[in-house]
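Single-letter residue listing:
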Amino acid sequence: MAQPTNTFDSYDAKGIREDLENVIYDISPEETPFYTKCKKLKATNTYHEWQTDALRASAANAHVEGWATTPDVRTATSRLGNYTQIFKNAVAIPDTDAGLDKAGRASEMAYQMLKTAKEQKLDIEKALFDNNARVAGNSSTARELAGAPAWMFTNTSFGVSGADPTGDGTNARTDGTQRAFTQTLFDSVMQSIWEEGGKPNTVYLSAFQMNEALDFQGMNNQRSTIGASVGGTNAIINAVDVYVTPWGTVQFMPSRENRSREVFIMQDDMWSVAVLRPTKNTELAKNGDATVRQVVTELTLVCNNEKASGGVFDLSTTASS
């Protein structure tokens, strides 16, 4: 049906106000499970140190009456350390912005600083998981913390040509030939941790490796009735929540910031973060017609005792044909 002659419709009108929602939608992931679970300590130097120790292996212990006592040989504690890393990000907003009427936020600076703080937290999570050796730094080189893989050498499984690090943070792992993530590999590391005295509770792994874990024998991935949570109807359960082995019970925690080729089996209370400078939002000196603010955090990773945790390394990150 044709429009009546001389109809003045919305296509002819001028000055129609825009219809822009006063909300900004952002679903970017911001979870940092490992950083969040690490105990926070106070660092008082750019090189933070700690000590580890271990009991000797059990041995036969029987003695003749009246014989002289010979003292046992004792070993000193191991002294370890990691360098604090400076995480820094800045935002510059022209002063003109203060007079603008924005949708979705009252202050551009406040909005951008909130985003920056979240992004920096993700950078910290990534650094904690990075296969990176510590760097002392100097006047032209930034200090770097040694990530979790650089400390783990006792309870590990790795591919052909791969190698464990020294375990003191001074060198990174050597990547090996990638292979499929299997229940056998996982259980063998769990057993090794148990034999060393560890009590792991969380497994950090990528989405791809989580899907591989769904195929572990015993995982509940079949149709079942789960009652009131879904209105009493049948539902397909295809998830890994808690995995029970003879060597302990662990929770599978999907992680976006660790390398997909690595699965970490952690005793969370044996990892800490030593903070030299807590996260701080500071306005910098004025330089021109703009306001500049920075967010700075300085911290390092503490591996309280690497024998409490383990890892399955050099895993395939694509499905086999």
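Further up the page is the structure itself.
What you see is a predicted model; the values in this text were computed from it and never measured.

Quick notes on the rules
Residues numbered from 1 in each chain as written. Predicted model: local features only at pLDDT ≥ 70, side-chain atom pairs only at ≥ 80, totals over all residues. Heavy atoms only, no water. Pairing = 2+ DSSP bridges. Helix = DSSP H or I, 4+ residues; strand = E, 2+ residues; numbered from the N terminus. Axes fitted to C-alpha atoms, helices over the stretch in contact; angles between N-to-C directions. Core = buried A, V, L, I, M, F, W, Y, C linked by side-chain atoms within 4.5 Å. Buried < 20%, exposed > 50% of the residue type's maximum accessible area, 1.4 Å probe, protein only. Contact = heavy atoms within 4.5 Å. Polar contact = N/O pair within 3.5 Å; in protein donor to acceptor, adjacent residues only side chain to side chain. 1 Å grid on protein atoms, 1.4 Å probe; cavity = no way out; pocket = protein on both sides within 12 Å on 5 of 7 lines; lining within 4 Å. Points joined across faces, edges and corners; volume = space filled by probe spheres on them. Expected span 1.5 Å × (residues − 1). Phe/Tyr/Trp six-rings, centres within 6.5 Å; stacked < 30°, edge-to-face > 60°. Lys NZ or Arg CZ within 6 Å of the ring centre and 35° of its normal.

### What about the sheet that holds strand β13 (residues 290–303)?
Part 1 of the argument: Strand order in the open sheet made by the four strands is β1-β12-β13-β4, with mixed pairing throughout. A strand with exactly one partner marks an edge of an open sheet, and here the two such strands are β1 (39–42) and β4 (85–94). Taken pair by pair, the neighbouring strands of this sheet meet at an average axis angle of 30°, ignoring direction.
Part 2 of the argument: As judged from the 10 bridges shared by β4 and β13, these two strands associate in the antiparallel manner.

### Observations regarding the nonpolar core
Part 1 of the argument: Among the nonpolar cores identified, the biggest contains 30 residues, and F34 and W271 are the most heavily contacted of them.
Part 2 of the argument: If you list the elements that add at least two residues to this core, you get α1 (33–37), α2 (108–129), β11 (263–266), β12 (271–283) and β13.
Part 3 of the argument: If we skip the residues at most four places from it in the chain, F34 touches E125, L128, F129, Y204, M266, W271 and L301.
Part 4 of the argument: In terms of nonpolar packing, the next biggest core, distinct from the first, is built from 18 residues, L185, Y243, V263 and I265 among them.

### Some points on the environment of R256
Part 1 of the argument: Structurally, R256 is set in the loop between β10 (248–254) and β11.
Part 2 of the argument: Look at R256 and you get exposed, because its relative accessible area is 58%.
Part 3 of the argument: On a C-alpha basis, the gap between R256 and E30 in space is 9.4 Å, while along the polypeptide they are 226 residues apart.
Part 4 of the argument: With near-sequence residues (within four places) excluded, R256 lies in contact with P29 and E31.
Part 5 of the argument: Of the polar contacts made by the side chain of R256, one reaches the side chain of E31; its length is 2.7 Å.

### A short note on the layout of surface pockets
Gaps between atoms show up when a probe of the same size as a water molecule is rolled over them.
Part 1 of the argument: Of the voids in this model, the largest pocket is the one considered here, and its volume is about 380 Å³.
Part 2 of the argument: Lining the largest pocket are 21 residues, with T52, D53, A54, N305 and K307 sitting closest to its centre.

### Looking at helix α3 (residues 183–196)
Part 1 of the argument: Across its 14 residues, α3 extends 20 Å between first and last C-alpha, which sits within 8% of the 20 Å expected from 1.5 Å per residue.
Part 2 of the argument: As for α3, its buried residues are in contact with β5 (156–157), β6 (202–205), β9 (242–245), β10, β11 and β14 (310–312).
Part 3 of the argument: With its phi angle positive at about 105°, G197 sits one or two positions after the end of α3.

### Considering the packing of aromatic side chains
Part 1 of the argument: Applying the stated criterion across every chain yields a total of 16 aromatic pairs.
Part 2 of the argument: Of the aromatic side chains, those joined through ring pairs into one cluster are F34, F129, Y204, F264, W271 and F313.
Part 3 of the argument: Lying over the aromatic face of Y35, K40 brings its terminal NZ or CZ to 4.9 Å of the ring centre.
Part 4 of the argument: Above the plane of the ring of Y111 lies R105, whose end atom (NZ or CZ) is 5.7 Å from the centre.

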